[in-house]
Amino acid sequence: MPYPEIRPRRLRRTAAVRRLVSETRVDPAELVVPMFVKEGLTEPRQIASLPGVLQHSRDSLRKAAAEAVQAGVGGIMLFGVPVPVSRDERGSGGVDPAGILNVAIRDVVAEVGDTTVVMSDLCLDEFTSHGHCGLLTGDGAVDNDATLAAYAEMAVAQADAGVGMVGTSGMMDGQVGVVRRALDAAGHTDVAVLAYAAKYASAFYGPFRDAVESALDGDRRTYQQDPANLRESLREVALDVAEGADLVMVKPALPYLDVVAAVRAAVDVPVAAYQVSGEYAMVEAAAANGWIDRERVMLETLTSIRRAGAQIILTYWAVEAAGLLRQGY
Ligand code: PBG
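One structure accompanies this document, and this report is about it. (Residues numbered from 1 in each chain as written. Predicted model: local features only at pLDDT ≥ 70, side-chain atom pairs only at ≥ 80, totals over all residues. Heavy atoms only, no water.)

**Thoughts on the nonpolar core**
Alright, step 1. Membership of the largest hydrophobic core comes to 101 residues, with the highest contact counts inside it found for Phe36, Leu78, Val248 and Tyr274.
Alright, step 2. The greatest single-element share of this core, amounting to seven residues, is contributed by strand β7 (residues 192-199).
Alright, step 3. Aside from chain neighbours lying at most four places away, what touches Phe36 is Ile47, Leu50, Val53, Leu54, Gln55, His56, Phe79, Val81, Phe208, Ala211, Val212 and Tyr316. (Core = buried A, V, L, I, M, F, W, Y, C linked by side-chain atoms within 4.5 Å. Buried < 20%, exposed > 50% of the residue type's maximum accessible area, 1.4 Å probe, protein only. Helix = DSSP H or I, 4+ residues; strand = E, 2+ residues; numbered from the N terminus. Contact = heavy atoms within 4.5 Å.)

Take a look at the structure:
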């Protein structure tokens, strides 16, 4: 060896020195747990393709929200699952104050108040009978500008229900600006916008579509991004920030760490990443087969997403990971 001997292993010798020089920590306060609530359920129900994740009843959702706060998670992202008869062409259940998501926002806010950040998915796909994230034209295409008006109404309905932050996940052009303006005009200037700024048309959303009993037949490639593109994400992110996004998100997370890093470098608002259902399900399935160490892989994925530059991570493991992290895992 040349002198002086450079020995990186010195800094790996004990757990204490590794802890001292660790460049990346995952903090429970930066984890957000997505939760599903299904209209009309009296008991929570397992989701086969998302083992450990539930479709909640209104009651079990309140309890789970309180537990998540207890575990120290930074936020809860709510998704509503309407029964089929509550879905229509226009997704009106998203705007209806009695729609399942708006009801759930009220319930959760009543339960946890400001002890965590209550967020809601601002998208029409769970509420439309065709499963698309927007309104359709006569020939079945997704109509961007007609959809914007629906998002504006839905944002105000969610804010009226007490939500702290709306997650604009529909990938319509101009959605952040329209939502911001509608919230402000309705006096909800304090409600923040978490922009799903770079959201890819990903096959990793498969289990989520089971979780929300998606009616979609086809795909979302005319509005969600092509997985092949990185520069396009920077353009999407810049537009969302210019339109007033308070935070921006990249989704999925682990297969798109290059995008996370590029977005982090490009903007000065907080950057989130969504570790989506398929990412979770792959690890759970491999762990169930005894092929990987579940907890270690869980925390390694979160650390990697954090290291790439996401300050906030949406993950179905948020509550469990928060517990493990508190134990110094
Ligand atoms: C749209 C939405 C989706 C996800 C979050 N918000 C589905 C989609 O775009 O098809 C996917 C999240 C996941 O896979 O965990 N409402």
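**Some points on the packing of aromatic side chains**
Alright, step 1. Evaluated as defined, the whole model comprises nine aromatic pairs.
Alright, step 2. For the pair Phe79 and Phe208, a centre-to-centre distance of 5.0 Å together with 80 degrees between the ring planes defines the contact as edge-to-face. Within this pair, whereas Phe79 is found in strand β4 (residues 75-81), its partner Phe208 is found in helix α6 (residues 206-211), the two being separated by 129 residues in sequence.
Alright, step 3. With relative accessibility at 12%, the residue Phe208 sits in the buried group.
Alright, step 4. Among the aromatic residues, those joined into a cluster by ring pairs are Phe36, Phe79, Tyr196, Phe208, Tyr274, Tyr280, Tyr316 and Trp317.
Alright, step 5. Over the ring of Tyr205 we find Lys199, and its NZ or CZ is 5.7 Å from the ring centre.
Alright, step 6. One residue, Lys251, lies across the ring of Tyr205, its end atom 4.8 Å from the ring centre. (Phe/Tyr/Trp six-rings, centres within 6.5 Å; stacked < 30°, edge-to-face > 60°. Lys NZ or Arg CZ within 6 Å of the ring centre and 35° of its normal.)

**Brief notes about the site of the ligand**
Alright, step 1. Every one of the 18 residues lining the ligand counts as a neighbour, but Asp125, Arg209, Lys251, Ser277 and Tyr316 are closest to it.
Alright, step 2. Contacts to the ligand include Arg209, whose side-chain N or O atom sits 2.6 Å from an oxygen atom.
Alright, step 3. One of the side-chain nitrogen or oxygen atoms of Lys251 is found 3.1 Å away from a nitrogen atom of the ligand.
Alright, step 4. The residue makeup of the shell around the ligand, split by class, is eight nonpolar, three polar and seven charged. (Near = heavy atom within 4 Å. Polar contact = N/O pair within 3.5 Å; in protein donor to acceptor, adjacent residues only side chain to side chain. Nonpolar A, V, L, I, M, F, W, Y, C, P; charged D, E, K, R; others polar.)

**Here's the deal with the pairing of strand β6 (residues 165-168)**
Alright, step 1. Taking every second residue as pointing to the same face, both faces of β6 are buried, with Met165 and Gly167 on one and Val166 and Thr168 on the other.
Alright, step 2. Crossover handedness for the path strand β5 (residues 117-122) to helix α4 (residues 144-160) to β6: right-handed.
Alright, step 3. With four bridges joining them, β6 and β7 adopt parallel strand pairing. When the sheet's bridge partners are listed, Val166 is paired in β7 with Val193. (Right-handed = clockwise from strand over helix to strand, strands pointing away. Pairing = 2+ DSSP bridges.)

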